[in-house]
2 protein chains.
Amino acid sequence: MDAAAYRPLTPETIAARLGAVAPVRARLGDDPAAWSAVEVGDGNLNLVFVLAGPRGSVIVKQALPYVRLVGESWPLPLERSWFEYNALIRQAARDAGSVPEVHHFDRGQALIVMAYLEDHVILRRSLIAGVEHPGLARFLGAFCARTLFRGSDLAMTAAGRKADLALFAANAALADITESLVFTDPYWDAPLNRHTSPQLDALVAELRADSELKLVAQELKGVFAANAETLLHGDLHTGSVMVRGASAVAIDPEFAIYGPMGFDVGMLIANFLMAFHAQSGHEDAPGARDGYRGWILGVAAEVWTSFAAEFAHLWRTERRGMLYPAALFEDQGQPLAAEAALTRRLRAVWTDAVGFCGIEMHRRILGLAHNADFETIADPDRRAACEARALRLGRQLMKDRRAIRDMDEIVALARLVDAA
Amino acid sequence: MDAAAYRPLTPETIAARLGAVAPVRARLGDDPAAWSAVEVGDGNLNLVFVLAGPRGSVIVKQALPYVRLVGESWPLPLERSWFEYNALIRQAARDAGSVPEVHHFDRGQALIVMAYLEDHVILRRSLIAGVEHPGLARFLGAFCARTLFRGSDLAMTAAGRKADLALFAANAALADITESLVFTDPYWDAPLNRHTSPQLDALVAELRADSELKLVAQELKGVFAANAETLLHGDLHTGSVMVRGASAVAIDPEFAIYGPMGFDVGMLIANFLMAFHAQSGHEDAPGARDGYRGWILGVAAEVWTSFAAEFAHLWRTERRGMLYPAALFEDQGQPLAAEAALTRRLRAVWTDAVGFCGIEMHRRILGLAHNADFETIADPDRRAACEARALRLGRQLMKDRRAIRDMDEIVALARLVDAA
């Protein structure tokens with residue numbers, strides 16, 4: 001990679017700069033002069049263009065050498081684009097159609113050209129607007145199961161997983177963001193933090209004084225950093241999913257790294273629970289969204305059950321990696337032992353997931369990166385009331401992650417907290 | 001690395017080939033014609049020469065492109081020498097004087113020139129001969145604590161640990177040996193296995209039919225493969241320690257890889273427990289070695305207590321990595337919380353270590369690589385009796401790893417089994 005040659009794209013230069021790229025021409029038409037571009041990036045990090053031509057459109061995503069939200073004072077490696085590209089092609093292979101098709105990748109320009117998802121919106125926007133999407137939970141559960149199972153020693157060759165582990169370990173700068181901003185900063189008065197103040201001040205102080213809570217957060221940070229079971233999406237919240245009706249696609253895996261299976265699943269469930277607690281900030285009259293509340297909790301629960309069902313299916317049909325080989329179990333007439341191993345593995349993933357779920361609910365309210373579910377509630381009193389419920393539920397999930405049995409229990413806790 | 005240029009050394013060519021290497025001349029003298037070499041490799045994998053000159057001696061260790069024990073039919077990457085070199089320089093930095101000083105490394109020749117340890121012997125030979133070494137347990141416990149703590153996210157920068165994680169993940173071929181030969185093959189009738197037969201046949205069948213035991217082995221295999229906490233020695237048995245009186249040095253870290261802290265500690269303790277159970281095969285008359293038995297068990301126990309004490313010291317004085325930062329605990333007036341975290345971390349390491357300990361005792365009796373403690377017992381009935389005790393203790397340790405509190409309990413179990 002020639003870093004000197006890197007130049008950010010602009011709507012004016014993009015057609016000329018990509019005009020000779022065959023896969024782009026194939027999708028847009030062969031006359032770059034007829035292409036037009038609009039920059040649509042609303043994330044924190046990158047440039048994102050919709051590049052349109054007579055024949056169709058593509059998305060062009062280019063990394064900037066700094067955090068877009070903050071500016072050049074916070075540098076961030078262009079190489080994150082390389083990890084995003086590598087994650088996208090693996091996710092596509094492991095769960096066909098689950099991510100945007102990659103048409104072209106230019107490592108030097110930190111640039112990915114991928115499929116344009118017509119009329120799709122960010123899932124988080126639907127959850128704020130109160131829009132239901134049939135099949136969403138099944139898509140998300142299956143996506144987690146397939147990508148997490150197939151990126152692990154349950155499915156890959158041992159050398160293949162280690163090669164990928166090494167490749168993605170170089171994504172250290174983005175992992176550092178997660179390690180710091182998710183697991184540590186929310187639990188002390190770190191400079192980048194903010195929260196709805198003064199409404200939440202007392203509760204925030206209570207959480208930051210809770211040493212048991214902080215021990216759990218650090219234990220889970222150790223699990224995130226060291227337990228390199230599988231290739232994670234790494235940032236699988238409801239802002240990383242695009243939807244249109246019953247169609248759903250996962251995007252933006254630039255935080256991809258090897259980590260524990262429970263991380264993606266737990267983060268995802270957390271974002272549904274936060275969407276649930278945010279509803280009273282969005283409904284026109286108290287109770288107006290009760291039906292939608294139920295739908296959200298149903299999705300959260302079904303994300304887990306769909307994940308577990310698909311994981312079990314893959315366990316029984318694709319367990320060809322070095323762990324729990326059939327030679328020890330099925331081939332010895334002990335199929336129940338293989339099922340016992342599945343039960344235990346799923347239980348371990350569940351316990352991690354419940355802990356990560358609680359942490360994600362905290363960091364979105366106490367840390368740097370908040371989410372629109374709460375941020376779009378203009379009245380700070382109303383917002384703080386929603387956020388406080390999520391904070392309390394998050395604490396309970398973190399501390400009781402080993403005792404909590406299933407999603408029914410979490411759903412009941414969420415309802416209890418929301419009614420308080 | 002130019003693989004084509006690789007040539008194995010011979011006693012005849014070694015002086016000419018290393019004669020121009022300044023650090024070698026500095027130690028042996030400037031006239032290579034006055035140097036002499038003898039090949040002393042007694043391990044399974046490599047060439048090892050003592051190269052002597054008028055001024056002194058050095059050890060020259062060169063990898064072969066296959067497993068020496070088996071021959072060219074079992075290829076093994078020369079690159080293992082690169083990982084051994086990288087492990088040696090890290091271990092030297094993390095525990096000064098604990099490993100042979102590296103004088104010279106040639107990656108293309110897969111060749112390490114290191115300090116010659118005059119009059120040292122392999123610890124396992126001492127344990128068979130009944131020789132005590134004062135201070136041994138303290139050396140081994142401190143070596144484990146310093147290398148394991150200082151190679152982890154408790155001490156390193158997050159990016160630094162990930163860079164080392166990636167480097168050593170490429171040591172996949174040697175990890176594959178551990179993953180297959182330690183964790184899986186002993187538990188089914190794998191082609192490379194052997195055991196003392198027919199004496200142990202019934203017990204071996206019992207173990208291989210024990211599905212709970214196999215589930216534990218595979219769970220621990222998953223921990224070994226994925227829980228990349230720290231840089232392991234990776235093969236820390238009593239054949240990887242050289243001793244002379246009260247001096248001890250750890251050697252041969254070519255299996256180095258990131259893994260769980262409990263692995264090195266557990267494997268080490270296992271080898272003392274096997275040495276203990278082998279004593280009745282070596283003593284001249286029953287009970288003749290009772291004092292030595294006690295010394296061995298004392299060493300096994302003190303390996304753990306020394307490890308735990310040094311680990312606690314480092315936790316309190318060198319915890320500067322990203323995990324359990326002082327900002328969350330000590331700086332908030334919660335020093336007890338940091339101690340609670342230490343207690344829990346040590347407990348988790350202990351639980352893993354007890355499990356790995358049991359597995360190591362199994363694979364040395366059921367798998368491919370046996371150890372001299374038992375192998376030098378010529379009478380197969382006598383040998384099998386010793387081995388059966390180790391197998392039974394190993395099973396108990398694996399299954400009860402979460403319940404067993406401390407080394408006193410393990411020592412009591414070992415004595416109970418040995419008296420049966």
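Sequence order as written defines the numbering, with residues in each chain counted from 1. The order in which chains are written sets their letters, starting at A; the order in which ligands are written sets their numbers, starting at 1. pLDDT decides what is reported in this predicted model: residues at 70 or higher carry local features, side-chain atom pairs at 80 or more are listed and counted, and totals for whole chains, interfaces and linings draw on all residues regardless. Side-chain metrics rest on all non-hydrogen atoms present in the structure, leaving aside hydrogens and water.

Some remarks on the sheet that holds strand E7 (residues 111-115) of chain A
All names here are of chain A. Note the cut-off: When DSSP finds at least two bridges between two strands, those strands are taken to pair. Segments assigned H or I by DSSP are reported as helices when at least four residues long, segments assigned E as strands when at least two residues long, and all are numbered from the N terminus. Interaxial angles span 0 to 180 degrees and are taken between N-to-C directions of axes, which are lines fitted to C-alpha atoms, for helices over the stretch in contact. Pairs of residues are marked as contacts when any of their non-hydrogen atoms sit within 4.5 Å.
If you walk across this open sheet you meet the five strands as E1-E2-E3-E7-E6, and the pairing is antiparallel. Strands at the two margins of the open sheet, each flanked by one partner only, are strand E1 (36-39) and strand E6 (102-106). With strand direction ignored, the average angle separating the axes of adjacent strands in the sheet is 20 degrees. By the bridge criterion, four bridges tie E1 to strand E2 (residues 46-52) in an arrangement that is antiparallel. Across the sheet, glutamate 39 pairs through a bridge with phenylalanine 49, a residue of E2. Here helix H3 (residues 80-94) sits on the sheet and contacts E2, strand E3 (57-63), E6 and E7; the angle it forms with E7, its principal contact strand, is near 30 degrees.

Brief notes about the environment of A:Thr343
One can find A:Thr343 in helix H12 (residues 335-366). A C-alpha to C-alpha distance of 34 Å links A:Thr343 and A:Gly245, two positions 98 residues apart in sequence.

Examining the relation of the copies chain B and chain A
Which entries qualify depends on this criterion: Superposition of the copies was done by least squares, using only C-alpha atoms of residues whose pLDDT is at least 70 in both.
With an RMSD of 0.0 Å, chain B superimposes on chain A once it is rotated by 180 degrees and translated 0.0 Å along the axis. Taken together, the rotation and translation describe the operation of a two-fold axis. A share of 100% of interface residues in chain B that are also interface residues in chain A marks the association as one of identical surfaces.

So, the packing of helix H10 (residues 262-282) of chain A against H12(A)
Residue and element names in this part refer to chain A. Filter applied, for reference: Reported orientations rely on four angle classes, namely roughly parallel under 35 degrees, roughly antiparallel over 145, roughly perpendicular from 65 to 115, and oblique for the rest. Helix crossings fall into two classes, left-handed where the near helix is turned counterclockwise from the far one by less than a right angle and right-handed where it is turned clockwise. The nonpolar class holds Ala, Val, Leu, Ile, Met, Phe, Trp, Tyr, Cys and Pro. Asp, Glu, Lys and Arg form the charged class, and all remaining residues, Gly among them, are polar.
Viewed as axis vectors pointing N to C, H10 and H12 meet at an angle of 50 degrees, and their least axial separation amounts to 7 Å. Between H10 and H12, the interaxial angle falls into the category oblique. Crossing geometry of H10 relative to H12 is assigned as right-handed. Taking contact as the criterion, the partners of Gly262, Phe263, Val265, Gly266, Met267, Ile269, Ala270, Asn271, Leu273, Met274 and His277 in H10 are, on H12, Val349, Asp352, Ala353, Phe356, Cys357, Glu360, Met361, Arg363 and Arg364. Class assignment for the residues of the contact of H10 with H12 results in twelve nonpolar, four polar and four charged.

Let's talk about the side chain of A:Asp153
Put simply, the rule reads: Only protein chains enter the accessibility calculation, which uses a 1.4 Å probe; a residue whose area is less than 20% of its type maximum is buried, one above 50% is exposed, and one in between is partly exposed.
You can see A:Asp153 is positioned in the loop between helix H5 (136-150) and helix H6 (158-169). Classification of A:Asp153 as buried rests on a relative accessible area of 2%. Apart from the residues lying within four places of it in its own chain, the contact partners of A:Asp153 are A:Ala158, A:Arg161, A:Glu229, A:Gly321, A:Met322, A:Leu323 and B:Ala225.

What about the interface of chain B and chain A?
Applicable threshold: Here the buried area means the combined drop in accessible surface, using a 1.4 Å probe, for two parts upon being joined, counting both sides. We define a salt bridge as a side-chain nitrogen of Lys or Arg found within 4 Å of a carboxyl oxygen belonging to Asp or Glu. Here a polar contact is taken to be a pair of N or O atoms separated by no more than 3.5 Å, where protein atoms must pair a possible hydrogen donor with a possible acceptor and residues adjacent in sequence count only if both atoms sit in side chains.
Contacts between chain B and chain A engage 42 residues on the former and 42 residues on the latter. Buried area between chain B and chain A, both sides added, is near 3,400 Å², and the carbon and sulfur share of it is 65%. In this assembly, chain B and chain A are joined by four salt bridges. The residue B:Glu212 makes a salt bridge to A:Arg344 at a minimum N-O spacing of 2.8 Å. Where chain B touches chain A, the interface holds 18 residue pairs in polar contact (both at pLDDT 80 or more). When contributions to the side of chain B that touches chain A are tallied by element, the ones reaching two or more residues are helix H6 (158-169), helix H7 (172-181), helix H9 (211-226) and helix H12 (335-366) of chain B. It is H9(B) that contributes the most residues to the side of chain B that touches chain A, ten residues altogether. Residue composition of the side of chain B that touches chain A, grouped by class: 25 nonpolar, seven polar and ten charged.

Structural notes on the packing of H3(A) against H6(A)
Residue and element names in this part refer to chain A. The N-to-C vectors of H3 and H6 enclose an angle of 145 degrees; their axes lie 10 Å apart at closest approach. For the pair H3 and H6, contact is made by Trp82, Phe83, Asn86, Ala87, Arg90 and Arg94 and by Asp164, Leu167 and Phe168, respectively. Counted by class, the contact of H3 with H6 contains five nonpolar, one polar and three charged residues.

Some thoughts on the confidence of the model for chain A
The test is simple: The predictor rates its confidence in each residue with pLDDT, a number between 0 and 100.
Residues at a pLDDT of 70 or more form 99% of chain A, whose mean pLDDT is 96. Quick note on the complex model: pTM equals 0.96, ipTM equals 0.95.

Structural notes on unusual backbone geometry
With an omega of 5 degrees, the peptide bond between A:Ser197 and A:Pro198 qualifies as cis. Its place among the elements puts A:Pro198 in the loop between helix H7 (172-181) and helix H8 (201-208). Even without being glycine, A:Asp252 reaches a positive phi, approximately 60 degrees. Topologically, A:Asp252 is positioned in the loop between strand E11 (247-250) and strand E12 (257-259). A relative accessible area of 25% means that A:Asp252 is categorised as partly exposed. One non-glycine residue with positive phi stands out, namely B:Asp119, at about 60 degrees. The topology assignment puts B:Asp119 in the loop between strand E7 (111-115) and strand E8 (121-122). On the accessibility criterion, B:Asp119 (55% relative accessible area) is exposed.

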